[in-house]
Amino acid sequence: MTSAPVTSVAGPGAPAADGAPQRGLPRRAVPHAPLDSADVLSPTEVVGRKIIRADDAYLEGHYPEMTVYPGVFLVESVCQAVIHLVRETHGEGVTPEPAVLESVRFTTALRPGDVLDVHCACRPGAAEDTLAVTARCTSGASKVATMKITFRLVKDTAETGDPCTTMRPSAV
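Here we come to the confidence of the model for the chain. Confidence in the prediction of the chain, expressed as mean pLDDT, is 79, and 67% of residues score 70 or more. Within the chain, strand E1 (residues 3-5) has the poorest average pLDDT of any element, 56, and strand E6 (residues 130-139) the best, 98. Scored below 50 in pLDDT, residues 7-28 makes 57 contacts in the model with residues more than four places away or belonging to other chains. For the stretch residues 164-172, pLDDT sits under 50, and the model shows 11 contacts to residues farther than four places along the chain or on other chains.

Taking every second residue as pointing to the same face, the buried face of strand E3 (residues 45-51) carries Val46, Gly48 and Lys50, while none of Glu45, Val47, Arg49 and Ile51 on the other face is buried. In terms of strand pairing, strand E2 (residues 37-42) meets E3 through five bridges, oriented antiparallel. Pairing of serine 42 across the sheet is with glutamate 45, part of E3. What sits between the antiparallel neighbours E2 and E3 is a turn of two residues. Bridge count between E3 and strand E5 (residues 115-124): seven bridges; the pairing is antiparallel. The residue of E5 that forms the bridge with lysine 50 is leucine 116.

Moving on, we come to the pattern of salt bridges. Enumeration according to the criterion identifies five salt bridges in this entry. Salt-bridge contacts for glutamate 97 lead to arginine 152; the nearest nitrogen and oxygen are separated by 3.3 Å. Linking glutamate 97 in strand E4 (residues 94-106) with arginine 152 in strand E7 (residues 142-155), this pair joins segments that are 55 residues apart in sequence. The exposure class assigned to glutamate 97 is buried, which follows from its relative accessible area of 17%. A single salt-bridge network, built from bridges that share partners, covers Arg87, Glu92 and Asp156.

Moving on, we get to the packing of aromatic side chains. Counting across every chain of the model gives one aromatic pair. For the ring pair tyrosine 69 and phenylalanine 73, a centre distance of 5.9 Å and an interplane angle of 65 degrees mean the geometry is edge-to-face.

A cluster of nonpolar side chains, Leu101, Val104 and Phe106, forms an exposed patch at the surface whose accessible area comes to about 250 Å². Mapped onto the secondary structure, phenylalanine 106 falls in strand E4. Residue classification places phenylalanine 106 among the partly exposed positions, given a relative accessible area of 43%.

In this fold, glutamate 102 is placed in strand E4. Taking relative accessible area as the criterion, glutamate 102 reaches 47% and is therefore assigned partly exposed. Sequence separation between glutamate 102 and isoleucine 149 is 47 residues, and the spatial gap between their C-alpha atoms is 5.5 Å. Within the local environment of glutamate 102, its side chain forms a polar contact with the side chain of threonine 150, the two groups lying 2.3 Å apart.

Conventions adopted
The residue numbering used here restarts from 1 in each chain and proceeds along that chain's sequence as written. Confidence filtering applies because this is a predicted model: local features only for residues at pLDDT of at least 70, side-chain atom pairs given and counted only at 80 or more, and all residues used for totals across whole chains, interfaces and linings. Note that the side-chain values use all heavy atoms of the structure and ignore hydrogens as well as water. A residue's pLDDT is simply how confident the predictor is in it, with values from 0 to 100. Only DSSP runs of H or I with at least four residues qualify as helices, and only runs of E with at least two residues qualify as strands; both kinds are numbered from the N terminus onward. By the convention used here, residues are in contact when the closest approach between their heavy atoms is within 4.5 Å. Residue exposure (1.4 Å probe, protein chains only): buried if accessible area is under 20% of the type maximum, exposed if over 50%, otherwise partly exposed. DSSP bridges decide pairing: two strands pair if at least two such bridges lie between them. Salt bridge criterion: a side-chain nitrogen from Lys or Arg within 4 Å of a carboxyl oxygen from Asp or Glu. A pair of Phe, Tyr and Trp rings is counted when the ring centres sit within 6.5 Å of each other, with Trp represented by its six-membered ring. The angle between the planes then sorts it: under 30 degrees is stacked, over 60 is edge-to-face, the rest tilted. To count toward a patch, a residue needs a relative accessible area above 30% and no salt bridge. Like charges then connect within 9 Å, nonpolar side chains (Val, Leu, Ile, Met, Phe, Trp, Tyr) within 5 Å. Here the accessible surface of atoms and residues is derived via Shrake-Rupley with a 1.4 Å probe, and residues count as covered only by protein chains that are part of the display. Contacts described as polar in this section are N or O atom pairs within 3.5 Å, which, within protein, must combine one atom able to donate a hydrogen with one able to accept it, while residues neighboring in sequence count only if both atoms come from side chains.

Right under this line is the structure:
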């Protein structure tokens, strides 16, 4: 399987820092890179890593007296890891969309200098075109969070490469 540095969460067609269009990840309103790297270990397993940096702008106002990595960014880190797995196993034209956050438990706060490791075990979901993900987030020997998320696998449209323009039964 592959190992890939994560360089953008902006997605297809969004300009990179050098102005060139990027491909690979879907468009998302994310103010930071939720992962620094991702490794697809098998068709059902992916890991990711993020170094929590004190100079990341999003940390400045989040609990100013005790700067911590926001829990919602842990969820986004899991989503980005799953994107890497789905893109490798299903191709560039399929995007995993979070559908149901079944459970999440945050157990340890991450602070600047900590290293977040994300491990996702994925299996076909109960419904067609879904993926059931169990994620374990750690930092060293500490358990940071656990979550279960069901993703809907959405085919990108030919015109935009963006799953947000695809009609779904729930949108009709």
